[in-house]
Amino acid sequence: MINEVFMPALSSTMTEGKIVSWEKAAGDKVEKGETVVVVESDKADMDVESFYEGYLATILVQAGEAAPVGAPIALLAETEAEIEQAKQQGAKLSNKSAQPAAPAQSTPSPAPEPAMAAAGSTTSRQNGRTVASPRAKKLAKEYKVDLATLSGSGPFGRIVAEDVEAAAGKAPAPTATPPQPTVAAPPRIPTQAVPAAPVASGDVVPLNTLQNAVVRNMVAALQVPIFHVGYTITTDKLDKLYKQIKSKGVTMTALLAKAVALTLQKHPLVNASYVEGGIQHHANINIAVAVAMGDGGLITPVLQNADQMDIYSLSRTWKDLVERARVKQLQPTEYNSGTFTLSNLGMYGVDSFDAILPPGQGSILAIGGAKNQVVATDDGMMGVRRQMRVNITCDHRIIYGADAAAFLQDLAKLIETDTQSLTM
């Protein structure tokens, strides 16, 4: 029996995936549940595990190439005797997919069947944790090898099966020589090399996977009726608190996220989102924060249950999320579960701006930089206060001007007079 390995849908917005690297070469034995390939989705790199046991007979989409969701990317033979038959079947699939004019590379056409022969699972890259493929972990237990002592040779330093076998002094079992070398291709070189190279005037630089996802989301956002409300907040007390606890690892981003989360407790409608014919009230307050990616595009790591976490845990979590976001190692729930978004350009000296509402959310808050301003004091005198401008963008289908204004008023009150609640 010959099974097709399909390009899996690793997120709700994913329309195509890009092969980062093949963990197995053509001819290799594959166990059920073993990682076969690493795929680049919209915003993360994912391990794809086989649903079947057999032999990776032929690879249809090479490392660095892309394929639509549902398209066959490899063929898996159940027995060694079927490998040659699978290769012939793969050649027919490649010839068939090459007939329509493809943009730049031969991309297999989508298969009509919805079922896939592989499922994705995110590679973990958390602080203090060892990053290893499922197969490597299994071998480490079998050979009693401490993964923490190994240096991985896989993408982003991930430990693969060969690393464990080498450490245990076990030579990999001999396998059929693959017809084409596909092992350990440098991760995402095609997408990262283009922006890094000098761009001549007049050249067109193709968008990478993440940038294409941003484009789709921004176009979808244009279908939503929105409005903006601005507010000026004095940050003297917030800045003072930040200076006091900065040495303990607290970030300003975490402080702002915490302040917004506590305010959302009083304004659940601002934390809600529109669904067809109704309002989705979310049980949790998950603050997504926009982060620019080095190779283009942006991602919004999510501080889940931000209102329930103390500021120190929140800051540690945020640091970890940003580190893994920049190497595209977030789990899907860590970037697509936000209920409210923050976009902070204050560190660039921006006074104020309006942010575009993300699909599936009801509000996003744009934060400008805090600056010294001359203001009239309550006693009729003149004084200097540090102030920042915030602008909220809301979905007018469920949130009205009064709702947004009341939220900003309470946010300003917390930041200006009740900053100690941020440390509780």
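Residues numbered from 1 in each chain as written. Predicted model: local features only at pLDDT ≥ 70, side-chain atom pairs only at ≥ 80, totals over all residues. Heavy atoms only, no water.

Per an unreviewed UniProt entry, the protein chain goes by the name Dihydrolipoamide acetyltransferase component of pyruvate dehydrogenase complex and belongs to Phormidium pseudopriestleyi FRX01. The protein chain has a UniProt comment under Sequence similarities (unreviewed entry) that states "Belongs to the 2-oxoacid dehydrogenase family." In the Cofactor (unreviewed entry) part of its UniProt record, the protein chain is described as follows: "(R)-lipoate". (UniProt positions renumbered as here; feature names shortened; annotations may be inferred.)

## Thoughts on the nonpolar core
Within the largest apolar cluster, 82 residues are counted, with the highest numbers of intra-cluster contacts made by Ile287, Phe340, Leu342, Leu365 and Ile392. Broken down by element, the residue count for this core peaks at nine residues, all from helix H7 (residues 252-266). Setting aside residues no more than four positions away along its own chain, Phe340 makes contact with Val260, Leu264, Val270, Asn271, Asn286, Ile287, Ala288, Gln361, Ser363, Leu365, Ile392 and Phe407. Among the nonpolar cores identified, the runner-up in size contains eight residues, and Leu139, Ala140, Ile159 and Ala161 belong to it. (Core = buried A, V, L, I, M, F, W, Y, C linked by side-chain atoms within 4.5 Å. Buried < 20%, exposed > 50% of the residue type's maximum accessible area, 1.4 Å probe, protein only. Helix = DSSP H or I, 4+ residues; strand = E, 2+ residues; numbered from the N terminus. Contact = heavy atoms within 4.5 Å.)

## Examining helix H8 (residues 311-326)
Taking 1.5 Å per residue as the helical rise, H8 with its 16 residues ought to reach 22 Å, and the 23 Å between its terminal C-alpha atoms agrees with that figure. When H8 is considered as a whole, its buried residues turn out to be Ile311, Ser313, Leu314, Ser315, Trp318, Asp320, Leu321, Val322, Arg324 and Ala325. Looking at the buried positions of H8, the neighbouring elements they touch are H7, strand S13 (287-289), strand S14 (291-292), strand S15 (298-299), strand S16 (302-303) and helix H9 (333-336). (Expected span 1.5 Å × (residues − 1).)

## Things to note about the packing of H7 against H8
Direction vectors running N to C along H7 and H8 enclose 120 degrees, while the axes themselves pass 9 Å from each other. When the axes of H7 and H8 are compared, the pair comes out oblique. Between H7 and H8 the crossing geometry is right-handed. Taking contact as the criterion, the partners of Thr253, Ala254, Leu255 and Lys258 in H7 are, on H8, Ile311, Leu314, Ser315 and Trp318. The residue inventory of the contact of H7 with H8, partitioned by class, reads five nonpolar, two polar and one charged. (Axes fitted to C-alpha atoms, helices over the stretch in contact; angles between N-to-C directions. Parallel < 35°, antiparallel > 145°, perpendicular 65-115°, else oblique. Left-handed = near helix turned anticlockwise from the far one by under 90°. Nonpolar A, V, L, I, M, F, W, Y, C, P; charged D, E, K, R; others polar.)

## Structural notes on the pattern of salt bridges
Evaluation of the coordinates by the stated rule reveals eight salt bridges. Between Lys29 and Glu53 there is a salt bridge whose closest N-O contact spans 3.0 Å. Taken together, the residues Lys29 in strand S3 (residues 29-30) and Glu53 in the loop between strand S5 (45-50) and strand S6 (54-59) connect sequence positions 24 residues apart. We note a salt bridge from Lys371 to Asp351, for which the minimum N-O separation is 2.7 Å. One end of the pair, Lys371, is in strand S19 (residues 371-376); the other, Asp351, is in the loop between strand S17 (340-344) and strand S18 (363-367), and 20 residues separate them in sequence. Residue Lys371 is classed as partly exposed on the basis of its relative accessible area, which comes to 32%. Three or more residues are tied together by salt bridges with common partners; here these are Lys29, Glu31 and Glu53. (Salt bridge = Lys/Arg side-chain N within 4 Å of Asp/Glu carboxyl O.)

## Examining the pairing of strand S20 (residues 382-395)
With nine bridges connecting them, strand S10 (residues 226-234) and S20 associate as antiparallel partners. Its bridge partner lying in S20, Val229 is registered against Ile392. Taken together, the five bridges between S18 and S20 define a ladder with antiparallel strand orientation. Counted as the bridge partner of Ala366 is Asn391 from S20. Alignment of S19 against S20, held across six bridges, turns out to be antiparallel. (Pairing = 2+ DSSP bridges.)

## Observations concerning the packing of aromatic side chains
Aromatic rings considered in pairs are described by the distance between their centres and by the relative angle of their planes. Tallied over the entire structure, the rule returns one aromatic pair. Taking the centre distance of 5.7 Å and the plane angle of 50 degrees together, the rings of Phe340 and Phe407 count as tilted. Of this pair, Phe340 sits in strand S17 while Phe407 sits in helix H10 (residues 401-417), placing them 67 residues apart in sequence. When its relative accessible area of 0% is taken as the criterion, Phe340 is described as buried. Between the NZ or CZ atom of Lys29 and the centre of the ring of Tyr55, over which it lies, the distance is 5.5 Å. Between the NZ or CZ atom of Arg397 and the centre of the ring of Tyr274, over which it lies, the distance is 3.9 Å. (Phe/Tyr/Trp six-rings, centres within 6.5 Å; stacked < 30°, edge-to-face > 60°. Lys NZ or Arg CZ within 6 Å of the ring centre and 35° of its normal.)

## Remarks on the packing of H7 against H10
Interhelical geometry of H7 versus H10 gives an angle of 130 degrees and a closest axis separation of 9 Å. Judged by the angle between their axes, H7 and H10 are oblique. Seen along the crossing, H7 lies across H10 with a hand that is right-handed. For the pair formed by H7 and H10, the contact residues are Ala259, Val260, Leu262, Thr263, Leu264 and Lys266 on the first element and Phe407, Asp410, Leu411, Leu414 and Ile415 on the second. Tallied by class, residues from the contact of H7 with H10 come to eight nonpolar, one polar and two charged.

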